[in-house]
Amino acid sequence: MAGRRKRKKHIFPKIILFLCVIAVAAGAVTAAGWSLPRLFRAVGETVNTAAQPQAEFPELTVSVEEVDGSFYYQQLSEKEQQIYREILQAVQEMQETVQIHAGKDDDAAKVYEYLLYDRPELFWCDGSSQMTVYEEYTELDPGYSCTKAEKEQKQREIDQASEECLAGIGADASEYEKIKYVYEYLVQTVDYDEGAPDNQNIYSALAGKRSVCAGYSRAAQYLLEKMGIACIYVTGNIRGQGAHAWNIVNCEGTYYQMDVTFGDPVFLEAESGESVPHNSINYDYLCCTDEALSSDHIQDDFVPYPVCDSDDLDYYRMNGMYYDSFDADAILRDMNESIYAGEESFVCKFSSDDVYSMARDEVIDELIPLAAENLADIYGLSRVRYTYVDDGTHRRVSVFWDYGESGT
């Protein structure tokens, strides 16, 4: 994996989740019939009932072909799609004010939100706006997080980071291999940091290497779309923790859920004080189903997201770590083989809650200690240490071997 570096891990009680912080601009949108509980809100909106000045609409140069495949664009009416293209043209040019064909009965704020969900490359848009609504048009003042000169410099840094990333995967790789590569690359190169600058956009993840869920998800969308793979930015909540963002990807015509942020694991620190290896990855959130994701994610329903019901790309199933039944001898044999191979970890994921419940205690209390004794014998260790993670939500037990130094 290109670009790996040692990373500081966050240790929280119980396995489990990243608490994502999503910035929401101050103020509220007052347009009738629609609210914005998610990532973007207008700083202010004024409905002007006075006689409207003569509108001066710029020539629209963004074509339908440039945006037609975008997921959120396809959720809009024909008129809203025109407004979408008008706003896109304005923010691409970093215009301070633009007049768009959105009257008092239209919702330009919704269209702008959809645009920003579709276009991760618009990193300079901070999601805020000031709108003055007239009878037949709206005057829009988008908010920007940097100047044009700063934008150009940041774009150069993003381009360099993207090129370095994509150089690590061959053009002849399968779509699954490309998706997996981006997932692993971001987990291994980005630190989760709530205080990271620009953490709602791709600059934080690709150039700054520090971000939160919005940055991880937008970076995944940006990189995959560069390789021609459809990737949707998805919003929702984590049960008991608040707002969150992740992705849905299209692999060979089938849709799958993917949460890169949760691929960067947060583990309960072992009683020994040892944490898991810095390059470990949680694959439960790579190309998974709606059902699997729903154990801790609540997906927003303001648009009809594609159904993700295929588990044929489950990482553990594809890599011989998936058990349909509990066979203690087979699992111990597989653990020992992981030690013979010098692997850092061993994972066993079970097909059902019943199989997991049957296996859990014996795996943790008997099989792992037996394999650890084998590790000591093979490598001549004076003491053996290991870290295990018991993830009941995903019916998975993982153990991380510490090969240490041999005894004398």
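Residues numbered from 1 in each chain as written. Predicted model: local features only at pLDDT ≥ 70, side-chain atom pairs only at ≥ 80, totals over all residues. Heavy atoms only, no water.

1. Remarks on the packing of aromatic side chains
So, step 1. Applying the stated criterion across every chain yields a total of 24 aromatic pairs.
So, step 2. An angle of 50° between the planes, with centres 6.4 Å apart, marks the rings of Y117 and F302 as tilted. Of this pair, Y117 sits in helix α3 (residues 108–118) while F302 sits in the loop between β10 (297–299) and α10 (315–318), and the two are 185 residues apart along the sequence.
So, step 3. An aromatic cluster is defined as three or more aromatic residues linked by ring pairs; in this entry it consists of F71, Y72, Y114, Y117, Y233, F302 and Y305.
So, step 4. Positioned over the ring face of W124 is K151, at 4.1 Å from the centre of the ring.
So, step 5. Seen from the ring of Y233, R218 lies directly overhead, with NZ or CZ sitting 4.1 Å from the centre. (Phe/Tyr/Trp six-rings, centres within 6.5 Å; stacked < 30°, edge-to-face > 60°. Helix = DSSP H or I, 4+ residues; strand = E, 2+ residues; numbered from the N terminus. Lys NZ or Arg CZ within 6 Å of the ring centre and 35° of its normal.)

2. A few points about the packing of helix α11 (residues 328–340) against helix α12 (residues 353–379)
So, step 1. Two elements in contact, α11 and α12, have axes separated by 10 Å at closest approach and are oriented at 35°. Seen from above, α11 lies across α12 with right-handed handedness. Counting all contacts with α11, which are made through A328, I331, L332, M335, N336, I339 and Y340, the residues of α12 involved are E362, V363, L367, I368, L370, A371, N374, L375, I378 and Y379.
So, step 2. Of the residues that constitute the contact of α11 with α12, the class distribution is 14 nonpolar, two polar and one charged. (Axes fitted to C-alpha atoms, helices over the stretch in contact; angles between N-to-C directions. Left-handed = near helix turned anticlockwise from the far one by under 90°. Contact = heavy atoms within 4.5 Å. Nonpolar A, V, L, I, M, F, W, Y, C, P; charged D, E, K, R; others polar.)

3. As for the sheet that holds strand β11 (residues 322–323)
So, step 1. Spatially, four strands are ordered β11-β12-β14-β13 in an open sheet, and the strand pairing comes out mixed. Each of the sheet's edge strands pairs with one partner strand only, and the pair in question is β11 and β13 (385–391).
So, step 2. As paired strands, β13 and strand β14 (residues 396–402) are joined by seven bridges and run antiparallel to one another. Directly across from D390, in β14, lies its bridge partner V397.
So, step 3. The strands touched by α11 within the sheet are β11, β12 (345–350) and β14, with β12 carrying the most contacts at an inclination of about 155°.
So, step 4. Set on the sheet, α12 makes contact with β11, β12, β13 and β14; between it and β14 the angle comes to about 10°. (Pairing = 2+ DSSP bridges.)

4. Here we look at the side chain of N336
So, step 1. Residue position: N336 is located in helix α11.
So, step 2. Those residues in contact with N336 that sit more than four places away from it in its chain are A371 and N374.

5. Focus: α3
So, step 1. Of all 11 residues making up α3, 11 are buried, and the element is well covered by its neighbours.
So, step 2. Considering only its buried residues, α3 is in contact with α2 (78–92), β2 (98–100), β3 (125–133), β4 (138–144), α7 (213–226) and β7 (231–238).
So, step 3. Near the N-terminus of α3, the side chain that reaches the backbone nitrogen of A109, with its oxygen 3.3 Å away, is that of D107. (Buried < 20%, exposed > 50% of the residue type's maximum accessible area, 1.4 Å probe, protein only. Polar contact = N/O pair within 3.5 Å; in protein donor to acceptor, adjacent residues only side chain to side chain.)

6. Quick word on the nonpolar core
So, step 1. If you look at the biggest cluster of nonpolar residues, it comprises 89 residues, and the most contacted ones within it are I87, I179, L186, L206, L224 and M258.
So, step 2. Membership of the second largest hydrophobic core comes to 24 residues, among which are F326, M335, F346 and I364. (Core = buried A, V, L, I, M, F, W, Y, C linked by side-chain atoms within 4.5 Å.)

7. Looking at unusual backbone geometry
So, step 1. In the Ramachandran plot, K209 falls in the positive-phi region, its phi being about 60° despite a non-glycine side chain.
So, step 2. One non-glycine residue, E252, lies in positive phi territory at about 55°.
So, step 3. Topologically, E252 is positioned in the loop between β8 (242–251) and β9 (254–258).

8. Re the pattern of salt bridges
Side-chain pairs of opposite charge can arise where the charged atoms are in close proximity.
So, step 1. A full pass over the atoms with the stated rule returns 16 salt bridges.
So, step 2. Through salt bridges with shared partners, a single network forms among D284, D314, K349, D391 and R396. (Salt bridge = Lys/Arg side-chain N within 4 Å of Asp/Glu carboxyl O.)

Bear in mind that shape data such as this cannot, by itself, settle questions of function.
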